[in-house]
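Chain residues, written in single-letter form:
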Amino acid sequence: MEMLDSRGNPTVMCEVWTDKAYGKAIVPSGASTGEYEAVELRDGDKTRYMGKGVLKAVANVNNVIAPKLVNTFDVTEQKAIDNTMIALDGTENKGKLGANAILAVSLAVAHAAANELNTPLYEYIGNLYKQIGGKTTASLLPMPMMNVINGGAHTNWESTDVQEFMIMPISAKTAAEAVRMGSEVFHNLKSILKTKCYSTSVGDEGGFAPKLKTNKEALELLMQTFVKAGYKPGKDFVICLDAAASEFYDNAHKNSTAESKYRIEGKRLTTTQIIDIYAGWVKDFPIASLEDMLDQNDWPGYVELTKRLGKTTQIMGDDFFVTNTKRLAEGIERKACNSILIKVNQIGSLSETLECIKMAHEAKFTTIISHRSGETEDTTIVDLAVAVNAGQLKTGSMSRSERVAKYNRLMYIEAELGKKTTFKNPFKN
Ligand code: PGA
Ligand code: ZN
């Protein structure tokens, strides 16, 4: 059925029943979406939800997908179920039935199967991953990357150009300690912002959205906050950035020969010039990870960025790879990036997501399982991160219940696994 996400926009919820079990999933939705993502089917009927309704996607679940699956497959046949939906859709980008319809079913099926087998979801998905040849213990808790300052499209461009300033508590010994450290920094940042007369209202992912003058000011604020909270920058915490650069890349001139297409802090820069700026930030601040720092079509730029900074810094592709094995294979081949952000709704099924993670791990790319800026109370991504030993989880700040629900699930899994868990700084072998 149609439900709401954290921005108050409609999204798809699906329930699956077997004789013994029940499963439910609600799909997320992005704002700074990549050009090559699977298609989220919206009704376009301007009389409802400004055209954003998802009744067509819901009807596709009930009238097209369900009749092909119910009483045909066992709920544990995840791959066959996903393949059937992919074939039924028949398009490259799931534009016919909608990735929101297909993913809702795919994830709800996994929940129902795990319940049917009386297995925690992370263990069940871990077994699916092993079945396709993935290596995992399904017990490594992911290190969270917490988005405490929001900018770009997630704040209507009222804050910084860089979309996300994230912190990672690398000295934490457990996931619960990581959550506590992140929360302490979050609250200290709030009090620093207050003393500087900045707004402490939050953006889409629960981080603060102050009207800062420059991107560097956000980095300086974080350094100050670590110290105020009693932590050592670089030792206890590192900084991770997501520029979502396709959002400030000059699309109007995409086909022109004009070189300076990156528009940042009122300047127009070439690829090399913007990489120079990033290199300066990495030199001056303890930045461990850079995500989508260039436009999604700037392949030579990503090759250059990875060559220059990739030995010491995680260079991650989000909109650049869109959890798509074709794009990832090209990135591996051309040495563009050394890491991939994984979003289930970018590709639209659990089975394809697992294939993508496997390809990344085999190429020694790091994987970060991620939420979207439009989220719900659904916490499947946390189980996915544990299932595949992803090592990192990106799920927003320490506010807004749709973000906090994921941290709560993470701490719960840690408690449930008890002594079997491992947790570590992903940047240290
Ligand atoms: P989105 O942003 O969910 O709005 O695409 C998240 C991200 O870019 O990582
Ligand atoms: Zn991103």
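To be clear, the structure that these remarks concern was listed above.
Rules used throughout
- Residues numbered from 1 in each chain as written.
- Chains lettered and ligands numbered in written order.
- Predicted model: local features only at pLDDT ≥ 70, side-chain atom pairs only at ≥ 80, totals over all residues.
- Heavy atoms only, no water.
- Donors = N, O, S within 2.8 Å, 3.2 Å for Na, K, Ca; no water.
- Helix = DSSP H or I, 4+ residues; strand = E, 2+ residues; numbered from the N terminus.
- Buried < 20%, exposed > 50% of the residue type's maximum accessible area, 1.4 Å probe, protein only.
- Pairing = 2+ DSSP bridges.
- Right-handed = clockwise from strand over helix to strand, strands pointing away.
- Axes fitted to C-alpha atoms, helices over the stretch in contact; angles between N-to-C directions.

(A) Looking closely at the coordination of the zinc ion (ligand 2). Protein-derived coordination of the zinc ion (ligand 2) comes from Asp-242 (OD), Glu-291 (OE) and Asp-318 (OD), at a distance range of 2.1 Å. When the donor residues of the zinc ion (ligand 2) are listed from N- to C-terminus, their spacing reads D-x48-E-x26-D. One end of the pair, Asp-242, is in strand E7 (residues 238–242); the other, Glu-291, is in strand E10 (residues 287–291), with 49 residues separating them in the sequence. Taking relative accessible area as the criterion, Glu-291 reaches 0% and is therefore assigned buried.

(B) Broad picture of helix H12 (residues 380–387). Of all 8 residues that make up H12, 8 are buried, and the element is covered over most of its length. One or two steps after H12, the chain reaches Asn-389, where phi turns positive at roughly 55°.

(C) Structural context of the pairing of strand E13 (residues 366–370). The buried fraction of E13 is high, at 4 of 5 residues. Sheet topology places strand E12 (residues 339–342) next to E13; 4 bridges connect them, and they run parallel. Looking at E13, one finds that Ser-339 is bridged to Thr-366. Relative to strand E14 (residues 391–394), E13 runs parallel, the two being bridged by 4 bridges. Counterpart to Ser-370 in the pairing with E14 is Lys-394. As for the winding sense of the linkage, the β-α-β connection from E13 through H12 to E14 is right-handed.

(D) View of the sheet that holds E7. Strand order around the closed barrel formed by 8 strands is E5-E6-E7-E10-E11-E12-E13-E14, with mixed pairing between neighbours. Averaged over neighbouring strand pairs, the angle between their axes works out to 30° when direction is ignored. Alignment of E10 against strand E11 (residues 314–317), held across 3 bridges, turns out to be parallel. Bridge assignment links Leu-290 to a residue of E11, and that residue is Ile-315.

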